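Working through the structure, step by step
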Amino acid sequence: MGFKGRKSSSKNPPIFSHEFVIQNHADIVSCVALVFVIGLLIQATSPFAYMFIALHHNVSTENVGPELPFRYTYGLKDICVVFFYFLICIVMHAIIQEYILDKVTRKLHLSKVKLSKFNESGQLLVFYIMTVLWGGDVIIKENLIFNISSLWEGYPHSEMVFMFKFFFIIQLSYWLHTFPELYFQKIKKEEMPERIAYASVAIVFIAAAYLLNFNRVGICLLVLHYLSESFYHIARLIDFVDKEERGSKAGYMVWHVFFVLARLGSVMLSVLTFWYGLSLAPSNTGAPGDFNSPTVRVGALTAVVLLQVYLMFNFITDQLRQLRETAPASVRKLTVKPKQLVGKKKGDGKKQEYDELTEVDQNTKKNLKQRTQKVK
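Residues numbered from 1 in each chain as written. Predicted model: local features only at pLDDT ≥ 70, side-chain atom pairs only at ≥ 80, totals over all residues. Heavy atoms only, no water.

Considering helix H8 (residues 215-241)
Helix length check: H8 (27 residues) gives 38 Å between terminal C-alpha atoms against 39 Å at 1.5 Å per residue, within 8%. With 19 of 27 residues buried, H8 lies mostly within the body of the structure. (Helix = DSSP H or I, 4+ residues; strand = E, 2+ residues; numbered from the N terminus. Expected span 1.5 Å × (residues − 1). Buried < 20%, exposed > 50% of the residue type's maximum accessible area, 1.4 Å probe, protein only.)

Encoded structure:
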């Protein structure tokens, strides 16, 4: 599959230069991914290619019917699968950027700073909406929303259906692909630390939920977080498009509500699962895949709660900063008007000049007047 490269000039950059790689990175990555697909067609290389494309560690028996789908665990071969779909995420990123976002931004005529934020929000919004729909479907099929006790009952939840495991594979692949995208999208150095930190935290939490078999509570927390973030990026995109800022204000208000609810919901689910539910479940830490120990439970609960507190703290400080930025303008308007009215009421130039003197100068002027009157 070929993609149009972005050309900054009429001359083609030299091969293997930075500009050439950036302009044609989607073509290069798609060719690498195509090598694995073609490898499936050749008998000698099909086992090698199959290791990168298909999900592994199937623990189902051979007599599996339609009512009992295949079930998987995790293992070292998942690294190969994550690498292949890491390449697919780069290709999909380029498709969304080239055929959707670039066509929209050409009509908006945004500055470089706003253009970078618009592209970031557009890419994340597509990913968040897909994840919320996908994760919500898995939650409903696994009966996690109507049977809350299933978050801890039957732990360890080491076995997953195909779509459940594939969900976590795509999550890891997507957040890993954000690191090379910093280079491909020519992100400024000032914006890199925030994006690197956000992606790194996402990888750590998703990998921990996947490897410690906390995948059920993990998918619920991810859907909650992504749902609130979807409203934020919707409001942000409206802010760039809507010049009157009417729709963006309503969008940000909706995001504020969902953000607070998501933080509260995440803390409640974490406390209910790690502090209450898993403590009642039978613990067998010696068994493979069982991490239901007090140390792991408290550590997982602390990590989730601290993350929610950090996000809430940043949210509150950002709101206070916006209030401080808008407050001085209104204060200036109120303080300037009384001075103008006082000046108009005085009228007399001598009296106005007298009122502008300091208190000490006014007293000395009175004493001089009294002395001249006595002399006369």
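Considerations on the pattern of salt bridges
Opposite charge on two side chains permits them to pair, given that their charged atoms come into close proximity. In the structure shown here, the tally under the stated rule is nine salt bridges. Residue Glu120 pairs with Arg236 through a salt bridge whose shortest N-O separation is 3.6 Å. Remark: Arg236 occurs in helix H8 and Glu120 occurs in helix H5 (residues 112-141); sequence separation between them is 116 residues. Accessibility expressed as a relative area gives 22% for Glu120, which makes it partly exposed. Look at Arg236 and you get buried, because its relative accessible area is 12%. One connected set of salt bridges, linked through shared partners, spans Glu120, Glu191, Arg195 and Arg236. (Salt bridge = Lys/Arg side-chain N within 4 Å of Asp/Glu carboxyl O.)

Let's talk about the UniProt feature "transmembrane region" (unreviewed entry) in the chain
Under the present numbering, the feature "transmembrane region" (unreviewed entry) in UniProt falls on residues 21-42, 82-101, 122-140, 160-184, 196-213, 250-276 and 296-316. Its end C-alpha atoms 35 Å apart, residues 160-184 is made of 92% helix and 8% strand. As a span, residues 196-213 carries 89% helix and 0% strand, and end to end its C-alpha atoms are 26 Å apart. (UniProt positions renumbered as here; feature names shortened; annotations may be inferred.)

A short note on a nonpolar patch on the surface
On the surface, Leu227, Val254, Val257, Phe258, Leu261, Leu264 and Met268 cluster together into a nonpolar patch covering about 610 Å² of accessible area. When residues of the nonpolar patch are assigned to their parent elements, the largest contribution, six residues, is made by helix H9 (residues 246-280). Here Met268 lies in helix H9. Met268 sits in the exposed class, given a relative accessible area of 59%. (Patch = residues over 30% accessible without salt bridge, like charges linked within 9 Å, V, L, I, M, F, W, Y side chains within 5 Å. Areas by Shrake-Rupley, 256 points an atom, 1.4 Å probe, with all protein chains shown as cover.)

Here's the deal with the environment of Lys249
Along the chain, Lys249 turns up in helix H9. It is 8.1 Å that separates the C-alpha atoms of Lys249 and Asp239, two residues lying 10 residues apart in sequence.

Some thoughts on the packing of helix H3 (residues 46-53) against helix H4 (residues 78-108)
Taken N-terminus to C-terminus, the directions of H3 and H4 make an angle of 75 degrees; their axes are 6 Å apart at the nearest point. It follows from the interaxial angle that H3 and H4 lie roughly perpendicular. Contacts between H3 and H4 involve Met51, Phe52 and Ile53 on the former and, on the latter, Cys80, Val81, Phe83, Phe84 and Tyr85. The residue inventory of the contact of H3 with H4, partitioned by class, reads eight nonpolar, no polar and no charged. (Axes fitted to C-alpha atoms, helices over the stretch in contact; angles between N-to-C directions. Parallel < 35°, antiparallel > 145°, perpendicular 65-115°, else oblique. Contact = heavy atoms within 4.5 Å. Nonpolar A, V, L, I, M, F, W, Y, C, P; charged D, E, K, R; others polar.)

Comments concerning the nonpolar core
Counting residues in each nonpolar core, the largest one holds 60 residues, and the members touching the most others are Tyr85, Phe168, Ile169, Trp175, Ile219 and Tyr226. If sequence neighbours within four positions are ignored, Phe168 has contacts with Ile206, Ala209, Tyr210, Asn215 and Ile219. Among the nonpolar cores identified, the runner-up in size contains six residues, and Leu101, Phe118, Leu125 and Phe240 belong to it. (Core = buried A, V, L, I, M, F, W, Y, C linked by side-chain atoms within 4.5 Å.)

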